[in-house]
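Coordinates in review
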Amino acid sequence: MKTLREYVEARILSPDDLKGALQLAMRLEFATIPPYLCAEWSIKNDPHRTRAVVHRVVIQEMNHFALAGNLLTAVGGTPSVAHADFLPAYPTNELPGGIPQELPVDLKPLVKDQIAVFMQIEYPDFPPVARVEEAPATIGAFYDTIIETFRQTEPEIDPAALAVEVPFAQPIRTVADAIATIDRIKREGEGVPDSPSSPTGEGTSHAHYYLFKELFVQKRLIKVGDEWSFSGAPITLPEVHHFEPSTAEPELSLEFRRTLTSLMTSLESCWTTPGTEPDVSAMFDLRSAGQDLIERGIRPEFTWLQSE
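Residues numbered from 1 in each chain as written. Predicted model: local features only at pLDDT ≥ 70, side-chain atom pairs only at ≥ 80, totals over all residues. Heavy atoms only, no water.

**As for the overall build of the protein**
Within the protein, the regular secondary structure consists of eleven helices and four strands. Its C-alpha atoms give the protein a radius of gyration of 19 Å, near enough to 19 Å, the size a compact globule of 308 residues would have. Projected onto its principal axes, the C-alpha positions of the protein cover 60 × 50 × 35 Å. Look at the contacts in the protein between residues 6 or more apart in sequence, and 67% of them connect residues 24 or more apart. (Helix = DSSP H or I, 4+ residues; strand = E, 2+ residues; numbered from the N terminus. Rg over C-alpha atoms; globule rule 2.2 N^0.38 Å. Contact = heavy atoms within 4.5 Å.)

**A short note on the pattern of salt bridges**
Tallied over the full model, the rule gives 13 salt bridges. In this structure, Lys2 engages Asp17 in a salt bridge whose closest nitrogen and oxygen atoms are separated by 2.8 Å. One end of the pair, Lys2, is in the segment before α1 (4-10); the other, Asp17, is in helix α2 (residues 15-31), with 15 residues separating them in the sequence. Classification of Lys2 as partly exposed rests on a relative accessible area of 36%. (Salt bridge = Lys/Arg side-chain N within 4 Å of Asp/Glu carboxyl O. Buried < 20%, exposed > 50% of the residue type's maximum accessible area, 1.4 Å probe, protein only.)

**A few points about the packing of α2 against helix α7 (residues 139-153)**
Two numbers describe how α2 lies on α7: the axes approach to 11 Å, and their chain directions differ by 145°. Here the hand of the crossing between α2 and α7 comes out left-handed. From α2, Leu18, Ala21, Leu22, Leu24, Ala25, Leu28 and Glu29 reach across to α7, where they touch Ile139, Phe142, Tyr143, Ile146, Thr149 and Phe150. Of the residues assigned to the contact of α2 with α7, the class counts are eleven nonpolar, one polar and one charged. (Axes fitted to C-alpha atoms, helices over the stretch in contact; angles between N-to-C directions. Left-handed = near helix turned anticlockwise from the far one by under 90°. Nonpolar A, V, L, I, M, F, W, Y, C, P; charged D, E, K, R; others polar.)

**Side note on the nonpolar core**
Taken as a class, soluble globular proteins show a tendency for nonpolar side chains to be buried jointly. Counting residues in hydrophobic clusters, the biggest one holds 89 residues, and the most contacted among them are Phe142, Ile146, Phe150 and Met264. Element by element, the count of residues in this core is highest for helix α4 (residues 50-74), at eleven residues. (Core = buried A, V, L, I, M, F, W, Y, C linked by side-chain atoms within 4.5 Å.)

**Some details on the side chain of Gln101**
With respect to the element layout, Gln101 can be found in strand β2 (residues 99-105). Given the relative accessible area of 7%, Gln101 is considered buried. For Gln101, the residues in contact, after removing those within four places along its chain, are Asn93, Glu94, Leu95, Gln120 and Ile121.

**Some details on unusual backbone geometry**
Cis geometry marks the peptide bond from Tyr90 to Pro91; its omega dihedral reads 0°. Cis geometry is found at the peptide bond from Glu249 to Pro250, where omega equals -5°. By the secondary structure assignment, Pro250 is in the loop between β4 (227-229) and α10 (254-272). Despite not being glycine, Phe168 has its phi angle at roughly 65°, a positive value. Here Phe168 is to be found in the loop between α7 and α8 (175-188).

**Thoughts on the environment of Glu9**
In this structure, Glu9 sits in helix α1. Residue classification places Glu9 among the exposed residues on the basis of a relative accessible area of 53%. Between the alpha carbons of Glu9 and Val224 there is a distance of 40 Å; along the sequence they are 215 residues apart.

**Quick notes on the pairing of β2**
Pairing analysis gives three bridges linking strand β1 (residues 92-95) to β2, with the strands arranged antiparallel. What sits directly across from Glu94, in β2, is Pro100. With antiparallel pairing between neighbouring strands as the criterion, β1 and β2 make up a hairpin whose turn holds three residues, including Gly97 at a positive phi of roughly 95°. (Pairing = 2+ DSSP bridges.)

**Focus: the packing of aromatic side chains**
In the structure shown here, the tally under the stated rule is 14 aromatic pairs. An angle of 55° between the planes, with centres 5.4 Å apart, marks the rings of Phe30 and Phe86 as tilted. In this pair, Phe30 sits in helix α2 while Phe86 sits in the loop between α4 and β1, placing the two residues 56 residues apart along the sequence. In this structure, Phe30 and Phe86 share a single accessibility class: buried. Judged by centre distance (5.5 Å) and plane angle (90°), the rings of Tyr123 and Tyr209 are edge-to-face. Residue Tyr123 is located in the loop between α5 (112-121) and α6 (127-130), and its partner Tyr209 is located in helix α9 (residues 208-217); the two are separated by 86 residues in the primary sequence. Ring pairs connect the aromatic residues Phe30, Phe65, Phe86 and Trp271, which therefore count as one cluster. The positively charged end of Lys112 is found above the aromatic ring belonging to Phe216, 4.7 Å away from the centroid. (Phe/Tyr/Trp six-rings, centres within 6.5 Å; stacked < 30°, edge-to-face > 60°. Lys NZ or Arg CZ within 6 Å of the ring centre and 35° of its normal.)

As structure tokens, this is what we get:
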């Protein structure tokens, strides 16, 4: 698979490269979900409803993952998520597509060091970065390349392509629908063209970076006159369960891995087999198994379980 930089430097993508870029987008959006889930599941005493903030980000990342899959089927591609290589190995200093991360991305409880990792993942594509010589290719630039490819090449869209239903998302029936879908992914998450100090043009909810920064500085982001400032009401971080990888035998994460594998298989089928719906019960089972492990001090293992 090509790197994010290779896609960005191409500027306009061929049909095959557009499909490859959308598959990479699925991997990129999914890679954040296990760390965010483990952080959410670690929360116990939560005086300022921090869990709701993390959960909102998790749901949006899940939606972005599904939307990228819907874009891929709309242009004639086939999402591939039900295999071991799709699942990232943690800890990692590189997100899918060759995006370097100075702070290792790992599965940890929601403590300040982990919030700093989340801020790093979601760091905005603010303009000074683009002016640095040999600037890194950014997630925002990657999505801009995909948008420009749709705009310039107007690929054929299959309005009857299999898709996963995403709340408040319009069906992808035209190039304009595809561009609006990518813009939503970019606007809600990584790649917002803002300063890391304060957002611009914010609506009812801040992009992910600012939600995490509120937790890190433990102050609400508010507007003071015409400026945004992390000077609002104080935030008390929750108490958390601490957990570590387990080497016990038999493997304590076995049921969790079995449920995850079933869920990924079910999700891929939604894009490949007509009439298939996401296995909602598997999602709840995964949460229950993950929380149980974390409450026992055991790290859930987001790894594929090969069938015997």
